[in-house]
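For reference, the chains in residue letters:
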Amino acid sequence: MEQRGQQVEQQTLEDIVRQVCRELQTIEALPATSDEPLAQEHRADPDNGIFATMDEAITAAAAAQQTLFNSRLEVRSRIIDAICAEVRPQIEKLAHMGVQETGMGRVTDKILKHQLVLDKTPGVEDLQAYAFTGDDGLTVLELSPYGVIGAITPSTNPTETVICNAIGMIAAGNAVVFAPHPGARKVSLFAVELINQAIRKVGGPAHLVVTVAEPSHDNTRIMMEHPQINMLVATGGPGLVKAVMSSGKKAIGAGAGNPPVLVDKTADIEKAAADIVAGCSFDNNIPCIAEKEVIAVNCIADYLIFEMQKQGAWLLTEPHHIEALERLVLKDGKPVRDCIGRDAAWLLEAIGIQAPTSTRIILLETSSEHPFVQEEMLMPVLPLIRVEDADEGIQLAKKVEHGFRHTAIVHSSDINVLSRYAKELETTILVKNGPSFAGLGVGGEGHTTFTIAGPTGEGLTSARSFARNRRCVLVGSFAIK
Ligand code: NAD
């Protein structure tokens, strides 16, 4: 094993990645580099929602939206039911395709994420009207569609986001034009095809959900500037969120996070360990909500580490192993793209350590300044930082979350610690005594979404986030109380 580790030091990163891939017989799973030509399997196919140009896609979507808007609400519900029925038998294929095309994540977890989208994404029931009645009559607040929404989707949850966005946006009466990540092109276009087949089966308007055959940043920019796009919904990193927020259009921005998890001395340590390993390793840490660093109060830290090892954490303690990992996964202090979303065993093998494939995460102790703590690594590498008490832990958690106000997790049975943590961090999602994914409705109450809009304040988006508030006033009548 050590011999391998020494060999590794003399190789380039690309050599290491290819060597490990070859050994694991997953060379095809390597993500395409930006220089490689895009695959040609999907040509323009307007019947299935795939157009040659953004302009054609948007024009078609605008016509479809008008038809939907003039149809009964039950049409929207029928379409959503049909989408779920069409996608459900394809979940396993979508999960496999997603991992293969992007090189990121775990098939089993992606299956669960798709099931979650189909089971827990709200439909038209989310559009509750509100009424004022009194001496001057009746006023109704209604939720109306924006029109055509341009939705930009990530490589990390490509089809989960496409399907979840499509359900919520159609429920609110919109059409949607997708701009998928070019690195998840094939699987995203497949999801758009499935949605179009479903809409066709129930006689819904053609072209309600569309995209282009060759997604690219240029095509996304064309979409962002197009006059017929009424709203932009961006799910991705900080550059994208900034771009949509400066577009001059109504925008929803769902951006990056760096979720800390605090474990204090009053926590149920065995449960905390199990929850942290489960949450951090979920889809190999690519969800923006997944635990990215543990802050542990010193007096329970050793026991927490021991318990996490029992749950599938591989503890790295040897300095040369830690340095090899840093060389593998960091370049100029930032995560290396080819290591994002990889299995823990894959990363360990690349530094010369043979670990069981059941290994869920790599655990190591670091300082709070380490890039593993400061950067959103999006891989199953979990740094642990010791603090003296809960107060120090809360302040550190706030610092390393960088003010994204995205997600934070805490394990404690002290109500004051739970309360202070929530108040100080101000995150959109705060999970107490559970794994991070409980915040998405897995083993936690509430609906799901894969577009968590912290920067623009919608929070966990649903149909009502994609609707305009309109006031309809009837003067002098229909107040019957
Ligand atoms: P990314 O920012 O690289 O890409 C997201 C989308 O934006 C893609 O469609 C991409 O093509 C597009 N894009 C990026 N830069 C662009 C530009 N300059 N011009 C036009 N289009 C551009 O993100 P990713 O790697 O696909 O996803 C991971 C990131 O997204 C992480 O930071 C993660 O935290 C975040 N994310 C957030 C949420 C959320 O709900 N808040 C959900 C998923 C992912």
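Under an unreviewed UniProt entry, the name given to the protein is Succinate-semialdehyde dehydrogenase (Acetylating), and the organism recorded is Parendozoicomonas haliclonae.

A. Quick peek at the overall build of the protein. Assigned secondary structure in the protein consists of 17 helices and 20 strands. Against the compact-globule benchmark of 23 Å for 481 residues, the protein has a radius of gyration of 24 Å, which places it among compact chains. Along the first, second and third principal axes, the C-alpha atoms of the protein reach 75 × 55 × 40 Å. Counting all 481 residues of the protein, 56% fall into the buried class. Across the protein, contacts joining residues at least 24 apart in sequence account for 74% of those joining residues at least 6 apart. On the protein, the mean spot of the 43 positive side-chain charges and the mean spot of the 60 negative ones are 6 Å from each other.

B. Geometry of the nonpolar core. Membership of the largest hydrophobic core comes to 122 residues, with the highest contact counts inside it found for V209, V263, V294, L304 and M308. Of the domains in this structure, domain 1 (2-29 + 258-445) and domain 2 (46-255 + 458-472) are the two that each give at least three residues to this core. Not counting residues up to four positions away in its chain, the partners in contact with V294 are V261, V263, I276, L304, M308, L382, P383, L384 and I385. Core analysis: the second largest hydrophobic core is formed by 27 residues, I322, L347, I351 and V381 among them.

C. Geometry of helix α17 (residues 415-425). Residues of α17 that are buried include every one of V417, L418, Y421 and L425, and no others. Considered in projection along α17, the buried side chains sweep an arc of 100 degrees and stay on one side of the axis. More than 90 degrees from the buried face of α17, the exposed residues found are I415 and K423. Looking at the buried side of α17, the elements it contacts are β9 (260-263), α16 (390-400), β16 (407-411) and β17 (429-432). One side-chain oxygen of the residue at the start of α17 lies 2.8 Å from the amide nitrogen of N416, identifying that residue as D414. Following α17 by one or two positions, E426 has its phi on the positive side, about 55 degrees.

D. The site of the ligand, seen in detail. Taken together, 27 residues sit near the ligand, with T153, S155, G237, E376 and I452 positioned nearest. Within the contact set of the ligand, a nitrogen atom lies 3.3 Å away from a side-chain nitrogen or oxygen of R221. Taken by itself the ligand offers 840 Å² of open surface, and the protein chains cover 85% of this. Sorting elements by how many residues they give to the shell around the ligand places helix α9 (residues 217-225) first, with three residues. Grouping the amino acids of the shell around the ligand by side-chain chemistry returns 11 nonpolar, 14 polar and two charged. Among the domains, domain 1 (2-29 + 258-445) and domain 2 (46-255 + 458-472) are the pair contributing at least three residues each to the shell around the ligand.

E. Expanded view of unusual backbone geometry. Phi is positive for D332, which is not a glycine, with a value near 50 degrees. With respect to the element layout, D332 can be found in the loop between β12 (330-331) and β13 (334-335). For N433, which is not a glycine, the phi torsion comes out positive at approximately 60 degrees. With respect to the helices and strands, N433 occurs in the loop between β17 and β18 (452-453).

What counts, and where the lines are drawn
- Residue numbering note: each chain is counted from 1, following its sequence as written.
- Where totals are concerned, whole chains, interfaces and linings use all residues; where local detail is concerned, this predicted model gives features only for residues with pLDDT of at least 70, and gives and counts side-chain atom pairs only at 80 or more.
- Water and hydrogen atoms were dropped before computing side-chain values, which therefore reflect all heavy atoms in the structure.
- In this description a helix means any DSSP run of H or I spanning at least four residues, a strand means any run of E spanning at least two, and both kinds are numbered starting from the N terminus.
- Both definitions apply: the radius of gyration is a C-alpha atom measure, and the globule rule equals 2.2 Å times residues to the power 0.38.
- Burial classes: relative accessible area under 20% of the type maximum marks a residue as buried, over 50% as exposed, and values in between as partly exposed (1.4 Å probe, protein chains only).
- Residue contacts are defined here by distance: any two heavy atoms, one from each residue, within 4.5 Å place the two residues in contact.
- Only four residue types enter the charge count: Lys and Arg as positive, Asp and Glu as negative, with His and the chain ends excluded.
- By convention, the charge on Lys lies at NZ, on Arg at CZ, on Asp at CG and on Glu at CD.
- Residues grouped as a nonpolar core are buried Ala, Val, Leu, Ile, Met, Phe, Trp, Tyr and Cys residues, joined through side-chain atoms within 4.5 Å.
- Where each domain starts and ends comes from a domain assignment, either automatic or drawn from a database.
- Each direction from the helix axis to a C-beta atom contributes to the arc, which is the arc of those directions.
- Polar contacts here mean pairs of N or O atoms no more than 3.5 Å apart (in protein, one a potential hydrogen donor and the other a potential acceptor; neighbouring residues in sequence count only if both atoms are side-chain atoms).
- A single heavy atom is enough: if one lies within 4 Å of a molecule or strand, its residue is considered near that molecule or strand.
- Every accessible area reported is derived by Shrake-Rupley at a probe size of 1.4 Å, with residue values counting cover from the shown protein chains alone.
- Each residue receives one of three labels: charged for Asp, Glu, Lys and Arg, nonpolar for Ala, Val, Leu, Ile, Met, Phe, Trp, Tyr, Cys and Pro, and polar for the others, Gly being one of them.

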